[in-house]
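Breakdown of the fold
Listed below, chain by chain, are the residues.
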2 protein chains.
Amino acid sequence: MSPKPRGFPEAEFRQRLQAAQERMGVVGLDALFLSTEPEVRYFTGFLTRFWESPTRPWFLLLPQSGDPIAVIPSIGAHLMAQSWITDIRTWRAPDYDDDGVTLLVDTIAECLPAKARIGVPSGLESHLRMPLASWDALRGAIGARRMVSDHAILRDLRAVKSDYEIAKIREACTIADRSFARIGEIAQTGVPLADVFRQFQILCLEEGADWVGYLAGGAGPGGYGDVITPAVARPLCPGDVLMLDTGVVHDGYYCDFDRNFAIGTVDRAVDDAYARLLEASDQAFTCARPGVTASELFQRMDVIVTGGAGGSDAGRLGHGLGMQLTEWPSLIPADETVLKAGMVLTLEPGIEINPGQTLVHEENIVITATGAEYLSTPAPRNLPRLA
Amino acid sequence: MSPKPRGFPEAEFRQRLQAAQERMGVVGLDALFLSTEPEVRYFTGFLTRFWESPTRPWFLLLPQSGDPIAVIPSIGAHLMAQSWITDIRTWRAPDYDDDGVTLLVDTIAECLPAKARIGVPSGLESHLRMPLASWDALRGAIGARRMVSDHAILRDLRAVKSDYEIAKIREACTIADRSFARIGEIAQTGVPLADVFRQFQILCLEEGADWVGYLAGGAGPGGYGDVITPAVARPLCPGDVLMLDTGVVHDGYYCDFDRNFAIGTVDRAVDDAYARLLEASDQAFTCARPGVTASELFQRMDVIVTGGAGGSDAGRLGHGLGMQLTEWPSLIPADETVLKAGMVLTLEPGIEINPGQTLVHEENIVITATGAEYLSTPAPRNLPRLA
């Protein structure tokens, strides 16, 4: 495998910043206040698995003009200094008396206009990654009414991927494709599902994943109970359907798709359901292009998998994808997001064959100027058989 | 490898619940409101990697008497039903109009006393995992003044591990021990650090990890720049110190320790620093027992690694460990937490040999009735050499 270029040129970050600043101008925000891993990384390129530690908060201020300001624990200064960010302010965290709040307040006072209105991501799929007590202290110090919604600026910017980002997601998909192609090496009758999970992660790493950020799945006669369960000790049995759903990470970007396999011979109902799932994702793929809505993709699939019942307990039939395993938008009836070139989506139809026996299929696509392209290699037309 | 028992008996969860309810009674709380992965799992056993998806919020209400109530997206109902929790209320998420808030408000009205005071984890290391807009809607609906701090109940309960939890952390440590013992198979002069990272994760999986939740490290002549950087393409060179710091996951519990290796011959300053690091963790280990404070462990190490300067930019010299890679307490001067039997800690002294040339060493220990035990197999006395 030839190594792919890592990171992004500074121009990419400047473009993201400029796009954010233009939107801030339109909605009357003087700054954005960001605290989560993807938000900070989107504007800085700061990539580390250290966010797995919940101890320390990390902050980024984006003024409406000028460069971003990182307000971060000193343990991150060395790594942040390798990014394009030059204004890096640190404190020695954890500090039980004041874990970055005063440094934030001072930075806001120094760098933003008096009474600046500061946007904070507040809508669905967003979180605030700092202790509530620190948040209350921050709002108390600068005035709670100055901290307002970010008007979904982050959500809307991140939903449309650049060519650089698409290349990274494509590479993650290719790594998972190659791993799924080798499934016969590790999954067969008698192998405990826990071993399949472990061995599949090894395949993903061998095929070039930086790490395996997500793996779930299931196996059972005629389907599986859900799609989020971790590994269990039960061995694969003839008649099972095995499903693995993975998010491998390449340079900070995810794929997210699954593949189904028959262990020996399965019920005809399973083959029929599989064929309908593929028809559903085919239909959505054919329909996907700029100007179509997320809701229309949902309808195309829902009519095939539920006869148009309006959805199931899974809640949606696909979603955005990128720096996180799942991103805006959702393929649900209520999502009227208009698709644009550069959006990366999963198509994820599911069918409940019987109660507790579900089949779910998933592909990754990117919206292009004229339609859509697969990023995952589409699943085989017939449910593949394993021994 | 013989499979270890998974999960916990119901009695373990009932004990955790009872301990929380006793404390709620003492501080006058009628319920706890929980939203993060470890908080929900601590009381339910709900274990899934699906939290990697930021889309859906998940909630758990712990009344001051009676069993917990799960208020969760319907996609999780099947898995939650396999836990000991029986009161499971679901909505079909994502719901753009009302993503669980009304269901929460109704559940609170039905299950808690009128004007109940509800504790929310708010201090350091805690987050609220739901959109700010939903949080504001919830507080608006039930009265903002009813949502108060949890008085650190979660933090204090989770800091003391049960024998079942310690066994899981011990197993995670053993898996990492075996993986480090095989480092010579994958790391040598000329191998790019990115390949070392990838291959080391494969070793961890081969040795039995459920997944590799964390891997960071560094390599450089005479030390590395920090301990949180992801893999880079640079090949290992003679004279480098290689450090890998890993958190492998076994049944939802982490280890967190690192190991250092010399590539060929390194400067004598490196060997000297390594010896001092081991002396520091030895001293802290000898000192560790019930009644000693986190701050005292810090002092024991700090006097050796900085001559008593009071710390460095890393911010601390160790921390708690368990369901998360890092947990309460922190080994810093300000942490007066009194150690108790059952606390699991990392001892993590670091030395800056030259600017940008750091060496960090880390062990995992558990506090016992009379002292402490190593969970990681202590590092060799002399810096191990690789080819």
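Residues numbered from 1 in each chain as written. Chains lettered and ligands numbered in written order. Predicted model: local features only at pLDDT ≥ 70, side-chain atom pairs only at ≥ 80, totals over all residues. Heavy atoms only, no water.

Take the sheet that holds strand S1 (residues 31-34) of chain B next. Residue and element names in this part refer to chain B. Across the sheet, which stays open at both edges, the 6 strands sit in the order S4-S3-S2-S1-S5-S6 with mixed pairing between neighbours. Only two strands of the sheet have a single neighbouring strand rather than two, namely strand S4 (87-91) and strand S6 (147-149). Neighbour-to-neighbour, the strand axes of the sheet open up by a mean angle of 25°, direction not taken into account. Here helix H2 (residues 37-44) sits on the sheet and contacts S1 and strand S2 (59-63); the angle it forms with S2, its principal contact strand, is near 50°. Against the sheet, helix H4 (residues 101-111) contacts S1, S2, strand S3 (69-73), S4 and strand S5 (118-120), and its axis sits at roughly 150° relative to S4. (Pairing = 2+ DSSP bridges. Helix = DSSP H or I, 4+ residues; strand = E, 2+ residues; numbered from the N terminus. Axes fitted to C-alpha atoms, helices over the stretch in contact; angles between N-to-C directions. Contact = heavy atoms within 4.5 Å.)

So, about the packing of aromatic side chains. For the structure shown, the criterion picks out 34 aromatic pairs over all chains. Summarising the aromatic geometry, the rings of A:Trp328 and B:Tyr96 are spaced 5.0 Å apart at their centres and angled 15° between planes, so their arrangement reads as stacked. With A:Trp328 in strand S12 (residues 327-330) and B:Tyr96 in the loop between S4 and H4, the pair connects residues from two separate chains. Look at B:Tyr96 and you get partly exposed, because its relative accessible area is 24%. (Phe/Tyr/Trp six-rings, centres within 6.5 Å; stacked < 30°, edge-to-face > 60°. Buried < 20%, exposed > 50% of the residue type's maximum accessible area, 1.4 Å probe, protein only.)

All names here are of chain A. The domains assigned to chain A are domain 1 (10-157) and domain 2 (160-386). When the two sides are added together, the surface that domain 1 and domain 2 hide from each other amounts to roughly 1200 Å², 53% of it contributed by carbon and sulfur. For the interface between domain 1 and domain 2, the tally reads 2 salt bridges. Residue Arg 16 pairs with Glu 165 through a salt bridge whose shortest N-O separation is 3.7 Å. Those elements giving two or more residues to the side of domain 1 that touches domain 2 turn out to be helix H1 (10-27), helix H2 (37-44) and helix H6 (153-159). Considering only residue class, the side of domain 1 that touches domain 2 consists of 5 nonpolar, no polar and 7 charged. (Domains from an automatic or database assignment. Buried area = accessible area lost by both parts, 1.4 Å probe. Salt bridge = Lys/Arg side-chain N within 4 Å of Asp/Glu carboxyl O. Nonpolar A, V, L, I, M, F, W, Y, C, P; charged D, E, K, R; others polar.)

All right, on to the relation of the copies chain A and chain B then. For the pair chain A and chain B, the best superposition has an RMSD of 0.0 Å and corresponds to a rotation of 180° with a translation of 0.0 Å parallel to the axis. Read as a symmetry element, the transformation amounts to a two-fold axis. Of every C-alpha in chain A, the one belonging to A:Ile202 sits nearest the axis of rotation, 2.7 Å from it. (Least-squares fit on C-alpha atoms with pLDDT ≥ 70 in both.)

Within the largest apolar cluster, 223 residues are counted, with the highest numbers of intra-cluster contacts made by A:Leu242, B:Leu242 and B:Leu297. Apart from residues no more than four positions distant in its own chain, A:Leu242 is found in contact with A:Ala187, A:Leu193, A:Val196, A:Gly218, A:Ala219, A:Leu236, A:Arg259, A:Asn260, A:Phe261, A:Ile263 and A:Leu386. By size, the runner-up hydrophobic cluster in this structure holds 46 residues, among which are A:Phe33, A:Leu138, B:Val71 and B:Met130. (Core = buried A, V, L, I, M, F, W, Y, C linked by side-chain atoms within 4.5 Å.)

On to the UniProt feature "domain: Creatinase N-terminal" (unreviewed entry) in chain A, then. Look at the UniProt record and you will see "domain: Creatinase N-terminal" (unreviewed entry) annotated at residues 16-160 of chain A. Along residues 16-160 of chain A one finds 37% helix and 17% strand; the C-alpha atoms at either end are 11 Å apart. (UniProt positions renumbered as here; feature names shortened; annotations may be inferred.)

Here we take up the interface of chain A and chain B. In many analyses, interface size is given as the accessible surface area lost on bringing the parts together. Taken together, the contacts link 76 residues of chain A with 76 residues of chain B. Around 6300 Å² of area is buried between chain A and chain B when both sides are counted, 57% of it from carbon and sulfur atoms. Summed over the three residues of chain A that lose the most area to chain B, namely A:Arg49, A:Tyr96 and A:Ile228, the buried surface amounts to 12% of that side. Counting the contacts that link chain A with chain B gives 4 salt bridges. For the salt bridge of A:Asp313 with B:Arg92, the shortest nitrogen-to-oxygen distance reads 3.5 Å. One can count 47 residue pairs in polar contact (both at pLDDT 80 or more) joining chain A with chain B. Elements with a contribution of two residues or more to the side of chain A that touches chain B: helix H3 (77-80), helix H5 (132-142), helix H8 (193-206), strand S7 (211-221) and S12 of chain A. Considered class by class, the residues forming the side of chain A that touches chain B number 36 nonpolar, 23 polar and 17 charged. (Polar contact = N/O pair within 3.5 Å; in protein donor to acceptor, adjacent residues only side chain to side chain.)

Residue and element names in this part refer to chain A. Here H1 spans 26 Å end to end across 18 residues, near enough to the 26 Å set by a 1.5 Å rise per residue. Residues Glu 12, Phe 13, Arg 16, Leu 17, Ala 19, Ala 20, Gln 21 and Met 24 constitute the buried set of H1. Of the residues flanking the end of H1, it is Gly 28, one or two places downstream, whose phi is positive at about 75°. (Expected span 1.5 Å × (residues − 1).)

Take the UniProt feature "domain: Peptidase M24" (unreviewed entry) in chain A next. Those places that UniProt annotates as "domain: Peptidase M24" (unreviewed entry) correspond, in this numbering, to residues 168-368 of chain A. Counting secondary structure, residues 168-368 of chain A comes out at 30% helix and 28% strand; the distance between its end C-alpha atoms is 16 Å.

Residues and elements named next belong to chain A. Going residue by residue along strand S1 (residues 31-34), you find Ala 31 and Phe 33 tucked away on one face and Leu 32 and Leu 34 tucked away on the opposite face as well. Looking at chain direction, S1 and strand S5 (residues 118-120) are connected through 2 bridges and run parallel. Within S5, the residue paired with Ala 31 across the bridge is Ile 118.

Moving on, we come to the environment of B:Leu32. Residues and elements named next belong to chain B. As for its placement among the helices and strands, Leu 32 is situated in strand S1. Using a relative accessible area of 0% as the deciding quantity, one classes Leu 32 as buried. For the pair Leu 32 and Ala 288, spaced 256 residues apart in sequence, the C-alpha to C-alpha distance is 32 Å. Apart from residues lying up to four places away in sequence, Leu 32 is in contact with Ala 20, Met 24, Leu 60, Leu 61, Leu 62, Ile 118, Gly 119, Asp 150, Ile 153 and Leu 154.

Further remarks concern the packing of helix H7 (residues 163-181) of chain B against helix H8 (residues 193-206) of chain B. Residues and elements named next belong to chain B. Their axes nearest at 8 Å, the elements H7 and H8 cross at an angle of 130°. Considering the angle they form, H7 stands oblique to H8. Between H7 and H8 lies a crossing of right-handed hand. Mapping the contact onto sequence places Ile 175, Ser 179 and Phe 180 in H7 and Phe 200, Leu 203 and Cys 204 in H8. Here the residues of the contact of H7 with H8 are counted per class, giving 5 nonpolar, 1 polar and no charged. (Parallel < 35°, antiparallel > 145°, perpendicular 65-115°, else oblique. Left-handed = near helix turned anticlockwise from the far one by under 90°.)

Here we take up the pairing of strand S10 (residues 257-263) of chain B. Residue and element names in this part refer to chain B. With respect to burial, S10 is a largely interior element, 7 of its 7 residues being buried. Residues of S10 alternate between two faces, with Phe 257, Arg 259, Phe 261 and Ile 263 on one and Asp 258, Asn 260 and Ala 262 on the opposite face, all of them buried. Strand direction decides the pairing type here: strand S8 (residues 240-250) and S10, joined by 6 bridges, are antiparallel. Bridge pairing in S10 places Met 243 opposite Asn 260. In this sheet, strand S18 (residues 385-386) lies alongside S10 in parallel orientation, the contact comprising 2 bridges. Bridging across to S18, Ile 263 finds its partner in Leu 386.

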